[in-house]
Structure formats: structure tokens, C-alpha cells
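# Structural description and commentary
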Amino acid sequence: MGTVTSGRDGRRYIQVHDLCSSLSNITRKIFPSAHALTGCHTTSSIFGIAKKSVYKLLKTSSEDLSDLMQLAQSDLDVSKSASRKLVARLYDPKGKYKSCQNNLNKLRVRLATSKDSALVRLPPSEASFKQHVLRACIQAKTLMLSLLRQSKRVIMLGNVGANRTEIECWYNYSTQYVFKGRHKIPFHWLSTVVLKRLSP
């Protein structure tokens with residue numbers, strides 16, 4: 001998942017931009033919804049399902065899960081259908097019970113009564129899943145709005161060497177990070193004055 005280097009304190013450095021560029025456009029767009037559904041700071045995780053499994057599924061089946069892009073804007077029935085498809089595939093990755101994947105209650109029964117079943121690895125019931133989807137929809141909407149609001153395309157006045165010049169870049173009003181292309185610009189190069197906002 002990108003270049004990983006270890007320092008003395010054991011921290012890892014993952015090049016996020018390189019990781020993103022290796023993903024398809026659809027995969028990148030469904031990430032916020034998938035993150036909200038599979039557990040983040042405001043939603044509970046799915047028991048027994050790690051983020052690594054989610055990541056692998058998104059990379060291989062992003063076309064089939066493309067409905068997740070609309071999770072923040074869709075009505076409840078559409079959101080549940082798109083979310084159910086993701087959760088059912090996580091619990092039944094080989095598709096042995098594909099006919100039951102449109103109803104988590106039926107999938108629970110099939111998994112519970114199979115010979116190699118583990119009762120701790122059953123999907124949620126439809127009733128609890130509905131509540132989880134409602135929370136995930138709110139979180140997905142929050143994530144999408146924060147991405148849209150915080151970063152703006154602007155022209156700033158910057159110092160490049162001995163010259164002052166106008167630089168077109170992305171400015172994040174929350175973190176005050178400035179990006180030119182994929183690269184973060186050292187903040188001391190720039191004045192704090194935004195000369196002009198541009199349309200995205």
C-alpha cells in the first residue's frame with residue numbers, strides 16, 4: 001500500500017498520493033461511503049471484518065459497488081440496497097450464498113447453518129443494519145461536505161527565490177495546507193493573503 005519506511009520511533013510513512021493514483025476513479029469515489037459503513041470515528045465497525053478485507057473488495061469489485069457513490073444523497077431504500085451489497089460480499093466473499101445476499105436475515109440463517117460456520121462471523125440483522133446505514137449516511141455526507149468545503153482553488157502571492165509571483169494552488173482553509181499539484185508547498189513560501197478564488 002505505498003512505500004513504507006520505518007523510523008527509530010517505529011512510525012510508518014505511506015505515500016497517499018501514489019496510493020490514490022493506483023486506484024480507479026470509481027474506487028476513489030466510493031471510499032468515503034465504504035469507510036463510513038465499515039467503521040470510522042462516528043460509526044461502529046463490522047465485527048470480524050478488517051479494513052484490509054474492505055480495501056481488497058473495493059479494488060476488485062468497484063464497478064459492482066458503484067451505487068455507494070450516492071450513499072450521501074440517496075433515499076433510505078437505495079442506500080440500504082447499495083450498503084447491503086457491500087456487507088453481504090464481505091461476509092460471503094466466495095459468493096456461496098449469492099441468492100441470499102439481497103436479505104441479510106436469510107444470509108445469517110444460511111451462514112449459521114452451514115458446516116464451516118462461525119457464529120461470531122454472522123452479518124447483522126436487517127433491523128440493526130437499517131440503523132447502521134442511517135448513521136453511515138450522515139457520516140458519508142459529512143465527509144463529502146468537508147472535502148468540498150475545506151479545499152479551494154485559489155491564486156496566492158508567493159515567494160519563489162528572490163521573486164514574488166502569483167501561484168495557482170489548492171488551499172485548505174481548515175488545515176491551512178497549500179498544495180500545488182500533488183505536492184505540499186512549504187508555507188513560508190507564501191503570503192497569507194489569498195488574491196483570488198477560482199472555480200473548482
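Please refer to the structure higher up on the page.
Residues numbered from 1 in each chain as written. Predicted model: local features only at pLDDT ≥ 70, side-chain atom pairs only at ≥ 80, totals over all residues. Heavy atoms only, no water.

## A few points about the side chain of Ser114
The test is simple: Each helix corresponds to a stretch of at least 4 residues labelled H or I by DSSP, and each strand to a stretch of at least 2 residues labelled E; elements are numbered beginning at the N terminus. Definition of a polar contact: a pair of N or O atoms within 3.5 Å, with one able to donate and the other able to accept a hydrogen when the atoms are protein atoms, and with sequence-neighbouring residues admitted only if both atoms are side-chain atoms.
Looking at where Ser114 falls in the secondary structure, it is placed in the loop between helix 5 (104-113) and helix 6 (126-150). A distance of 2.9 Å separates a polar atom in the side chain of Ser114 from the backbone oxygen of Leu111.

## Focus on the packing of aromatic side chains
Centre distance and the angle of the planes are the two values used to describe a pair of aromatic rings. The test is simple: Each pair of aromatic rings taken from Phe, Tyr and Trp, with Trp reduced to its six-membered ring, is defined by centres within 6.5 Å and is described as stacked if the planes are under 30 degrees apart, edge-to-face if over 60, and tilted in the remaining cases.
Tallied over the entire structure, the rule returns 1 aromatic pair. On the numbers, 6.3 Å between centres and 80° between planes, the contact of Phe31 with Tyr55 is edge-to-face. On the criterion of sequence distance, the pair formed by Phe31 in helix 2 (residues 25-37) and Tyr55 in helix 3 (residues 51-61) is long-range, its members being 24 residues apart.

## Here's the deal with the environment of Ala136
Where we set the bar: Think of it in three bands: with a 1.4 Å probe and only protein chains considered, a residue is buried below 20% of the maximum accessible area for its type, exposed above 50%, and partly exposed in between. Contact criterion: two residues are considered in contact whenever any of their non-hydrogen atoms come within 4.5 Å of each other.
Within the secondary structure, Ala136 is located in helix 6. Judged by relative accessible area, Ala136 falls into the buried class, the value being 0%. A C-alpha to C-alpha distance of 9.7 Å links Ala136 and Pro32, two positions 104 residues apart in sequence. In contact with Ala136, other than residues within four places in its own chain, are Ala36, Leu37, Thr43 and Leu71.

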